[in-house]
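Residue-level listing of the chains:
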Amino acid sequence: MKLLGRNHIIISVITFAILFLMNYLGNQEADKLERALMTASAGVIGLSIGLFILNKGKNDKNPPQNFD
């Protein structure tokens, strides 16, 4: 999957919506909006970093020898 391509943006929006709703609806604290936004943003950032690392090694022409 190409980083910041159409599929990545769709998955990021879905991830943000799910994490935001889970934290916003299930929280009884006074700052539930801020917590939900920070958690959803951190989830999307973590997803992007993971996809960047996964995509970086995908087109490697010289893989490590004897990789198990």
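Residues numbered from 1 in each chain as written. Predicted model: local features only at pLDDT ≥ 70, side-chain atom pairs only at ≥ 80, totals over all residues. Heavy atoms only, no water.

(A) Main features of the environment of Met-22. Position of Met-22 relative to the elements: it lies in helix α1 (residues 6-25). Among the residues examined, Met-22 registers a relative accessible area of 57% and is labelled exposed. As for Met-22 and Ala-36, which are separated by 14 residues in sequence, their C-alpha atoms are 8.0 Å apart. (Helix = DSSP H or I, 4+ residues; strand = E, 2+ residues; numbered from the N terminus. Buried < 20%, exposed > 50% of the residue type's maximum accessible area, 1.4 Å probe, protein only.)

(B) Geometry of the side chain of Asn-27. In this structure, Asn-27 sits in the loop between α1 and α2 (32-56). What makes Asn-27 buried here is its relative accessible area of 13%. Side-chain polar atoms of Asn-27 contact the backbone nitrogen of Glu-29, separated by 3.0 Å. For Asn-27, the residues in contact, after removing those within four places along its chain, are Lys-32 and Arg-35. (Polar contact = N/O pair within 3.5 Å; in protein donor to acceptor, adjacent residues only side chain to side chain. Contact = heavy atoms within 4.5 Å.)

(C) Here's a closer look at α2. With 25 residues, α2 ought to run about 36 Å at 1.5 Å a step, and its terminal C-alpha atoms sit 36 Å apart, in line with that. The inward-facing, buried residues of α2 abut α1. (Expected span 1.5 Å × (residues − 1).)

(D) Highlighting the packing of aromatic side chains. Enumeration over the complete set of coordinates arrives at 2 aromatic pairs. For the ring pair Phe-16 and Phe-20, a centre distance of 6.2 Å and an interplane angle of 5° mean the geometry is stacked. With Phe-16 and Phe-20 both in helix α1 and 4 residues apart, this pair spans about one turn of that helix. Relative accessible area serves as the criterion here: at 29%, Phe-16 is assigned to the partly exposed category. Note on Phe-20: relative accessible area 19%, which makes it buried. Between Phe-20 and Tyr-24, the ring centres sit 5.5 Å apart and the planes meet at 10°, which makes this aromatic pair stacked. Note that Phe-20 and Tyr-24 are positioned in helix α1 at a spacing of 4 residues, about one turn of the helix. Classification of Tyr-24 by relative accessible area gives partly exposed; the value is 29%. (Phe/Tyr/Trp six-rings, centres within 6.5 Å; stacked < 30°, edge-to-face > 60°.)

Such coordinate-based values are descriptive only and should not be taken to indicate function.
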